[in-house]
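One letter stands for each residue in the lines below.
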Amino acid sequence: MKSLTEYLTFEVKTRRAFVNITEDVSKLVTKSKIQEGLCLVNAMHITASVFINDNEGGLLHDYEKWLEGLAPHEPTSQYEHNKTGEDNADAHLKRQVMGREVVIAITNGNLDFGPWEEIFYGEFDGKRPKRVLVKIIGE
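Residues numbered from 1 in each chain as written. Predicted model: local features only at pLDDT ≥ 70, side-chain atom pairs only at ≥ 80, totals over all residues. Heavy atoms only, no water.

An unreviewed UniProt entry annotates the chain as Secondary thiamine-phosphate synthase enzyme of Candidatus Nitrosopumilus salarius BD31.

Here is the structure:
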């Protein structure tokens, strides 16, 4: 079995953002030369996520609005976690809802997606560098 481990680093300029990372991950699958296997993509920070969905601007806007309704950033005093001196409790909750990682099959050397599926990095407490692990295994 072959494997490839790489790290992508993101530093978004805003507190929250969604970044399409499908092309970055696809390039790593090509680099791995794996034809049949699995690709794990994992947000390595507790206030960020990785998820799969449609790359449609309206949907990404809806995610932002929906997540802010579920766990509004302000007032920051509403969260026990923020009493530690942090102001990012909402980001932890948003990450919990959106997920930590995805696994995508590799078939014939390509990511094997369903219709419209793409990979996104979700940032909920940005303005600092964070890593995403890409681990590819297979033959």
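Past the structure itself, the notes keep going.
Engineer: Give me a nonpolar patch on the surface: which residues, what numbers.
Structural biologist: Together, Met1, Leu38, Val103 and Ile137 make up a nonpolar patch on the protein surface, roughly 410 Å² of accessible area in all. When you line up the elements, Ile137 lands in strand β8 (residues 130-138). (Patch = residues over 30% accessible without salt bridge, like charges linked within 9 Å, V, L, I, M, F, W, Y side chains within 5 Å. Areas by Shrake-Rupley, 256 points an atom, 1.4 Å probe, with all protein chains shown as cover. Salt bridge = Lys/Arg side-chain N within 4 Å of Asp/Glu carboxyl O. Helix = DSSP H or I, 4+ residues; strand = E, 2+ residues; numbered from the N terminus.)

Engineer: How would you summarise the pattern of salt bridges if you had to cite specific residues and measurements?
Structural biologist: Tallying each qualifying case throughout the model produces 13 salt bridges. Residue Lys27 pairs with Glu23 through a salt bridge whose shortest N-O separation is 3.3 Å. Of this pair, Lys27 and Glu23 both sit in helix α1 (residues 22-32), four residues apart, which is roughly one turn of the helix. A salt bridge links Arg128 to Asp125; the nearest nitrogen and oxygen atoms lie 2.5 Å apart. Of the residues examined, Arg128 reaches a relative accessible area of 31% and is grouped as partly exposed. (Buried < 20%, exposed > 50% of the residue type's maximum accessible area, 1.4 Å probe, protein only.)

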